[in-house]
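Inside the fold
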Amino acid sequence: MSMQPLSSDGILRLGAAFRSSKVLLSAVELGIFTALAGGPLDLETLRERVGIDTRGARDFLDSLVALGMLTRQADERYANAADTDLYLDRNKPSYVGGFLENAITRSYATWGSLTAALRTGKPQDDLSMVTNYSGLYANDTLRDAFVNAMTALSRPAAKAIAKKFPWQNYRSLIDIGGAQGCLPVEIAKVHRHISGGVFDLSPLQPSFDRLVKDHRLADRLRFYPGDFFNGPLPGADVLVLGRVLHNWNLTTKQMLLKKAYDALPPGGSIIVYEQLIDDERRVNIDGLLASLQMLLSGPGGFNFTGAECISWMRETGFRDIHLEPLTADQSMVVGTKHAN
Ligand SMILES: C[S@@+](CC[C@H](N)C(=O)[O-])C[C@H]1O[C@@H](n2cnc3c(N)ncnc32)[C@H](O)[C@@H]1O
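Described below are features of the structure shown in this document. What you are looking at is a predicted structure, and each value in this text was computed from that prediction instead of being measured.

1. Quick word on the site of the ligand
- Near the ligand there are 22 residues, and of these Tyr-137, Gly-177, Asp-200, Asp-227 and Gly-242 occur at the shortest range.
- Here a nitrogen atom of the ligand sits 2.9 Å away from a polar atom, N or O, in the main chain of Phe-228.
- Going through the elements one at a time, α10 (140-164) and β4 (195-200) are the ones with two or more residues in the shell around the ligand.

So this is what it looks like as structure tokens:
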């Protein structure tokens, strides 16, 4: 693939792109889109509603207009753009700001230390994989922000998996490291014969129970508390490893695939979904940045290509392995355990 040459403008714009990003993150933090969900507001009313000073308010809001996040009407009142109204109003079920809230509380500062991570090879955030999540989950606010971020990122993939996987051939599903349970909820909503749940660390059980109750699925979905470093995984017809393998080094990735293989019945299937890097490692910037996020967050994690995932699954014993795109940036690799 040939890349367009960058002009000096393009280079400088990329170097300063964090400023636009921070304008959006501050807008989410201040609740601008939620404040405008009830209808357009003039500058003064909006400024007071979200609690910002007069100095900067106009430039900030007009920056959001220029970024396409807000519109300013002929009467000068500000309004949400159609997509920000749908995705960034906290009171709508389609809200994806959980991911951005996690960026506000953690990633923005951690990415500031990227150079240090590159020089040392050491993580710059001691709250997640470094402590096997115990540091992160000890703080209710950080834990909830993380879990909401996971749900925001995985919901589009979960909806696609509900459509693209042949659920009619299976009866049960357990999402290993499934966090709040967004994936089993999306599957169970569409496929009424499916039961199962999430296997994850016990501090996530209350948020799982809440989501499952909200969707009235407690009769079919339950939480399996556990630590995948200790003991076997629970069995089901389908096991999912969604954006879990990227957290760990190669030995742990292989250990998790092997534990999943052992827990599946013959004929059972595994679904691995991730922001996979393209096999040539040239194009998919989201997958590559996700890998750098792992450098910042833990001691051994890295993201990988579809070809790498397929080869690890084949070595584990899985057969009929195939890759299927799910969303613009996420894909699943599916494999089956054959009877010996
Ligand atoms: C990056 S998140 C992915 C969450 C979800 N699968 C998704 O795609 O949104 C990794 C998940 O692995 C879980 N996890 C981490 N260490 C674990 C362990 N030792 N045992 C079980 N689950 C673990 C975390 O709690 C978290 O929910």
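2. Concerning the nonpolar core
- Counting 49 residues, the largest nonpolar core has Leu-241, Ile-270 and Met-313 as its most contacted members.
- If we ignore the near neighbours within four places in the chain, the residues touching Ile-270 are Leu-239, Leu-241, Leu-257, Ala-260, Leu-264, Met-313, Phe-318, Val-333, Val-334 and Gly-335.
- Ranked by size, the runner-up nonpolar core spans 24 residues in total, among them Ile-32, Ala-35, Leu-46 and Leu-64.

3. Section: the sheet that holds strand β3 (residues 172-176)
- Here we have seven strands laid out as an open sheet, ordered β5-β4-β3-β6-β7-β9-β8, and mixed in their pairing. Each edge of the sheet is formed by a strand with only one pairing partner; in this case those strands are β5 (221-225) and β8 (319-325). On average, adjacent strands in this sheet sit at an angle of 20° to one another, irrespective of strand direction.
- In this sheet, strand β9 (residues 331-336) lies alongside β8 in antiparallel orientation, the contact comprising five bridges. Within the sheet, the bridge partner assigned to Pro-325 lies in β9 and is Ser-331.
- Each of β3, β4, β5, β6 (238-242) and β7 (269-274) is contacted by helix α11 (residues 182-190), which is oriented at about 160° to β3, the strand it contacts most.
- This element, helix α15 (residues 306-316), spans β7, β8 and β9 of the sheet and lies at about 160° to β8.

Quick notes on the rules
Residues numbered from 1 in each chain as written. Predicted model: local features only at pLDDT ≥ 70, side-chain atom pairs only at ≥ 80, totals over all residues. Heavy atoms only, no water. Near = heavy atom within 4 Å. Polar contact = N/O pair within 3.5 Å; in protein donor to acceptor, adjacent residues only side chain to side chain. Helix = DSSP H or I, 4+ residues; strand = E, 2+ residues; numbered from the N terminus. Core = buried A, V, L, I, M, F, W, Y, C linked by side-chain atoms within 4.5 Å. Buried < 20%, exposed > 50% of the residue type's maximum accessible area, 1.4 Å probe, protein only. Contact = heavy atoms within 4.5 Å. Pairing = 2+ DSSP bridges. Axes fitted to C-alpha atoms, helices over the stretch in contact; angles between N-to-C directions.

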